[in-house]
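Inside the fold
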Amino acid sequence: GALFLYGGRSTIQPETGKTWTAGAVLTPSFIPGLSLTADYYDITIDNAVGAVLPQATLDTCFVIARDINNLFCQQVARQANGQLASVNSSDINVATLQSRGVDVVGNYRFNLAATRVGLSYAGSYVISQKQQNGVTAPIVECAGRFGATCGLETRRALPQYRHRADLTLGGGPVTLRGTWRLEGPVRDDAAATVYKVERIGTQNYVDLALSFDVSRRATFVIGVDNLFDRQPPLAFSNAADANTFPQSYDVIGRRFGVSFTFRN
């Protein structure tokens, strides 16, 4: 089999980037306890440092560039008989990375009879995330995608929408918190190659935690993550690790934990 090489290079040049942001904060006086924040971002990085993985390197060399002297063909070594010997996937300065999106955060606190109620939401919508792995490569839209170009290096799938929502109920020294984590659907980023798994649907996770204020200075917490034991979606040959993308999806399953905090 061929040898795949990973790591850094002495020839890497510094990245350069431009960031544009705009935001708004709302705390309406007619709804006490409510706050909303919305932020828009537009980030462009030139000369971005990243690794182009072996299959993407081969595709760019032989399918896209069709030029034996291009950067990607220079990363491919062959044996004397012409068979593939190695592909160097060490970090290089890829051409461009651009990301645009909106982040929204909301919090609402109020009392319902003797119960303190808290609602919080943090959501992210990626309008566009474009990546170009070298000047001879095509620009790939990665928003809502996963695969060799858009997900393997970061070990993440890149859904357009994801969120975390919390509901907190408190009464006396006891507080119950429920969390809903959502990762939106994604599809394969390769236009020419068909894999066994071409689409991953929406993934939902529920966490619970119960805390007890033992005293003013001490708190005991017991919780369970991934309450319904949601298993990670499998991508097989198009995956990053463990047949999936472990930075996006829970690979452990249901798990319990306890903690005790003491404050001076």
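Everything here concerns the structure above.
This write-up is about the structure you can find in this document.

Calculation rules
Residues numbered from 1 in each chain as written. Predicted model: local features only at pLDDT ≥ 70, side-chain atom pairs only at ≥ 80, totals over all residues. Heavy atoms only, no water. Pairing = 2+ DSSP bridges. Helix = DSSP H or I, 4+ residues; strand = E, 2+ residues; numbered from the N terminus. Axes fitted to C-alpha atoms, helices over the stretch in contact; angles between N-to-C directions. Buried < 20%, exposed > 50% of the residue type's maximum accessible area, 1.4 Å probe, protein only. Polar contact = N/O pair within 3.5 Å; in protein donor to acceptor, adjacent residues only side chain to side chain. Contact = heavy atoms within 4.5 Å. Phe/Tyr/Trp six-rings, centres within 6.5 Å; stacked < 30°, edge-to-face > 60°. Lys NZ or Arg CZ within 6 Å of the ring centre and 35° of its normal. Disulfide = S-S within 2.5 Å.

1. Focus: the sheet that holds strand E14 (residues 186–188)
As summarised here, the arrangement of the three strands in space is E11-E14-E15, forming an open sheet in which the pairing is mixed. Looking at which strands have only one partner, the edges of the open sheet turn out to be strand E11 (145–146) and strand E15 (199–200). Direction of pairing for E11 relative to E14: parallel, over a ladder of two bridges. Looking across to E14, one finds that Arg-145 is bridged to Arg-187.

2. Re the sheet that holds strand E6 (residues 84–88)
Within the open sheet, the three strands sit side by side as E1-E6-E5. Their pairing is mixed. Each edge of the open sheet carries a strand with a single partner, namely strand E1 (3–5) and strand E5 (76–78). With direction set aside, neighbouring strand axes in the sheet form an average angle of 15°. Sheet topology note: the E1/E6 ladder contains three bridges and is parallel. When the sheet's bridge partners are listed, Leu-5 is paired in E6 with Asn-88.

3. Re the side chain of Thr-179
Tracing the sequence through the fold places Thr-179 in strand E13 (residues 174–183). Looking at Thr-179, the relative accessible area reads 5%, which means it is buried. A polar contact is formed between the side chain of Thr-179 and the side chain of Asp-166, at a distance of 2.4 Å. In contact with Thr-179, other than residues within four places in its own chain, are Arg-164, Ala-165, Asp-166, Tyr-205, Val-206 and Asp-207.

4. Notes on the packing of aromatic side chains
According to the stated counting rule, one finds three aromatic pairs in the structure shown. Consider the rings of Tyr-108 and Phe-110, whose centres lie 4.9 Å apart with planes at 35°: the pair is tilted. The ring of Phe-236 carries Lys-196 above its face, with NZ or CZ at 4.4 Å from the centroid.

5. What to know about unusual backbone geometry
Unusually for a residue other than glycine, Asn-226 sits at a positive phi of about 55°. Its place among the elements puts Asn-226 in the loop between strand E17 (218–225) and strand E18 (255–262). Its relative accessible area of 1% is what places Asn-226 among the buried residues. The backbone of Asp-229 sits at a positive phi, close to 55°, despite the residue not being glycine.

6. Side note on the state of the cysteines
Inspection of the entire model under this criterion finds one disulfide. Covalent S-S linkage joins Cys-142 and Cys-150, the inter-sulfur distance amounting to 2.0 Å. Classification of the bridge connecting Cys-142 and Cys-150 rests on its S-S torsion, roughly -75°, and on that basis the disulfide is left-handed. Cys-150 sits in the buried class, given a relative accessible area of 4%.

7. Section: the pairing of strand E2 (residues 16–26)
With zero of eleven residues buried, E2 lies mostly on the surface of the structure. As paired strands, E2 and strand E3 (residues 34–46) are joined by eleven bridges and run antiparallel to one another. Within the sheet, the bridge partner assigned to Leu-26 lies in E3 and is Leu-36.

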